[in-house]
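Structure assessment
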Amino acid sequence: MPNKDLAIVVLAAGKGTRLKSGLAKVLHRAGGRSLLEQVLRACAPLKARKTVVVVGHQAEQVTAVAEPLGATSVLQQPQHGTGHAMQVVRRALGNAKFAIVLPGDAPLVRTETLEALVSLHRSANSSATILTAVLADPSGYGRVLRKSESSVSAPVSAIVEESELTDSQREINEINSSIYCFTLKNLWPALAEVKPNNQHRELYLTDAIAVLAAKGQLVLAQIAPDSREVLGCNTRADLAAVDRIFREWKRFALMNDGVTMQLPETVLVDPDVTAGEDTLIEPGVQLLGATKIGARCTIRTGSVLADAILGDDVSVEAHSVVAQSRIDSDVVIGPFARLRSGTHLKRGARIGNFVEVKNSTVGEGTKAMHLTYLGDAKIGAKTNIGAGTITCNYDGFHKHPTTIGDKVFIGSDSALVAPVRVGDGAYVGAGSTITENIPAGALGLARGRQVNKLGWAAKKRRALAATEKSAKHFRKSRKNSHRKKRK
Ligand code: UD1
Ligand code: CA
């Protein structure tokens, strides 16, 4: 729903002292994205006329995240509090009638909750509407004072910050989320009356609430349907708690799409990952980045997929790593395989244990089952790569390609020194070091010729026995001469 009269203000100038970090708070990540990106994504569907991010600490880096997401940044320097931040953005808001204000450090808020907040604000013709939550442990948050304690729909008279609470106010468990909708023409005069009467000598936006209420203007509070949505990230423990919730939501979404997860709480999935119906994810799997998994795949325990595109019916066996790779349908990978960037495995290919593939295409039905390195290689269909095959793609200065045709048989323990080509249907004898092209249908053999020396072993044993005997004799005579000396 477009909101032509609405502006969005994200407060993101603070340092985040309690995180003890060199990185500005809103650039820390939860649920696979920066806190700021999470907040801006939740706001985007509201289609506000303008989105402004208040920046201060690491302004340049924060702006670099905000601008590609369609927001404008406004510098607040120095930071004299959340009320001061609003005064700083006043001009940037132009003719907007209403503003939703959100802290950059509460990333779990959902679009529907913001829509409901604006809609209550509009329909009640209120001056300020606060998103609140009822928490079992409200410590650390500002508390919401209602005009009547008996009604949860009673108007608000004030927000009291934790440091200013009286003993009886400390019992209140309805907290300020720091997410509000304001009618701007009423906010500005109220904010002008706010004084920095607190420990930090800051202008608190929360104090504007009491000013509005005292002027007889309507201030409402809407309780968030899920109190987890308002969680702020002031500490590393908060970040971990919020990350856990995002991850849980993502897993639920995948399961809703028809994915089976065993011990889902052990599976980590980034926000953009998709997976098809009847795919099975075993415990301890990580699905990262832009990974897309087809239908009926199996991703077994301990595997990590990053920016991997999988077709249907793919099996990734235990403890495999697949990064920046394209895997067509019916492929089997691992256990213990490593696919690096630029790998393309075509339909029905099989990559087994301790096989590493980088920047290579492996043709349909081709197999490399054991202990192999394939780098900068183009391999045709139905080829067999024997155990211990190495493409020697690097000469210390440059990378070179290896081209292997269809239906080739590479014997075990072969080194293919690139650049080199092996034609269709060719064979490579086991243990070869191939430095020259092999024509189609030929056998390439490049190893020392075997010689069998008859009777050699018996002779060797006799010679060894003789040396052992004379050594024993020598040790004995030395011992005796030592004894004589001591006497
Ligand atoms: C704030 C609220 C508190 C509420 C809590 C919810 C105030 C005074 N208190 O407290 O009632 O329960 O959020 O999480 O607002 N910021 C600026 N410029 C500044 C100061 C802060 O942009 O000068 C930004 C911060 O970067 C942050 C947000 O405003 O994103 C909130 O500031 P923070 O210091 O985290 O406030 P809290 O103590 O959490
Ligand atoms: Ca906070």
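Higher on the page you've got the structure.
To start, this report covers the structure provided alongside it. (Residues numbered from 1 in each chain as written. Chains lettered and ligands numbered in written order. Predicted model: local features only at pLDDT ≥ 70, side-chain atom pairs only at ≥ 80, totals over all residues. Heavy atoms only, no water.)

**Some thoughts on the overall build of the chain**
- Scanning the chain for helices and strands turns up 8 helices and 39 strands.
- Taking 487 residues into account, the globule formula puts the C-alpha radius of gyration at 23 Å, and the chain, at 35 Å, lies well above it.
- Overall, the C-alpha framework of the chain stretches about 110 × 80 × 40 Å when taken along its three principal axes.
- Expressed as a percentage of contacts within the chain between residues at least 6 apart in sequence, the contacts between residues at least 24 apart total 40%.
- A total of about 24100 Å² of accessible surface is found on the chain, and carbon and sulfur atoms cover 52% of it.
- Of the charged side chains in the chain, 64 are positive and 45 negative; the average position of the first set lies 16 Å away from that of the second. (Helix = DSSP H or I, 4+ residues; strand = E, 2+ residues; numbered from the N terminus. Rg over C-alpha atoms; globule rule 2.2 N^0.38 Å. Contact = heavy atoms within 4.5 Å. Areas by Shrake-Rupley, 256 points an atom, 1.4 Å probe, with all protein chains shown as cover. Lys, Arg positive; Asp, Glu negative; His and termini not counted. Charge placed at Lys NZ, Arg CZ, Asp CG, Glu CD.)

**Examining the coordination of the calcium ion (ligand 2)**
- Protein coordination at the calcium ion (ligand 2) comes from D105 (OD) and N234 (OD1), with a distance range of 2.5 to 2.6 Å. Placement of D105 in the loop between β6 (98–103) and α4 (111–124) and of N234 in the loop between β11 (219–223) and α7 (236–256) is noted, with a sequence separation of 129 residues between them.
- Note on D105: relative accessible area 13%, which makes it buried. (Donors = N, O, S within 2.8 Å, 3.2 Å for Na, K, Ca; no water. Buried < 20%, exposed > 50% of the residue type's maximum accessible area, 1.4 Å probe, protein only.)

**Structural notes on the packing of helix α5 (residues 184–192) against helix α6 (residues 206–214)**
- Their axes nearest at 9 Å, the elements α5 and α6 cross at an angle of 105°. Here α6 runs roughly perpendicular to α5, going by the angle between their axes. Across the interface between the two elements, N186, L187, A190 and L191 of α5 pack against A208, V211 and L212 of α6.
- Residue composition of the contact of α5 with α6, by class: 6 nonpolar, 1 polar and no charged. (Axes fitted to C-alpha atoms, helices over the stretch in contact; angles between N-to-C directions. Parallel < 35°, antiparallel > 145°, perpendicular 65-115°, else oblique. Nonpolar A, V, L, I, M, F, W, Y, C, P; charged D, E, K, R; others polar.)

**Focus: the site of ligand 1**
- Around ligand 1, a shell composed of 24 residues is seen, among which L11, G14, Q76, E161 and N176 lie nearest.
- G104 places a polar main-chain atom, nitrogen or oxygen, 3.4 Å from an oxygen atom of ligand 1.
- Within the side chain of E161, a nitrogen or oxygen atom sits 2.6 Å from an oxygen atom of ligand 1.
- Coverage of ligand 1 by the protein amounts to 89% of the 750 Å² it exposes when considered alone.
- If you list the elements that add at least two residues to the shell around ligand 1, you get β1 (3–12), α3 (82–89) and β10 (174–183).
- With 3 residues, β10 is the single largest residue contributor to the shell around ligand 1. (Near = heavy atom within 4 Å. Polar contact = N/O pair within 3.5 Å; in protein donor to acceptor, adjacent residues only side chain to side chain.)

**Notes on the side chain of S432**
- One can find S432 in the loop between β37 (427–428) and β38 (433–434).
- On the basis of relative accessible area, S432 is assigned to the buried category, the value being 1%.
- In this structure, S432 is in contact with D413, S414, A415, G444, L445 and A446, ignoring residues within four places of it in sequence.

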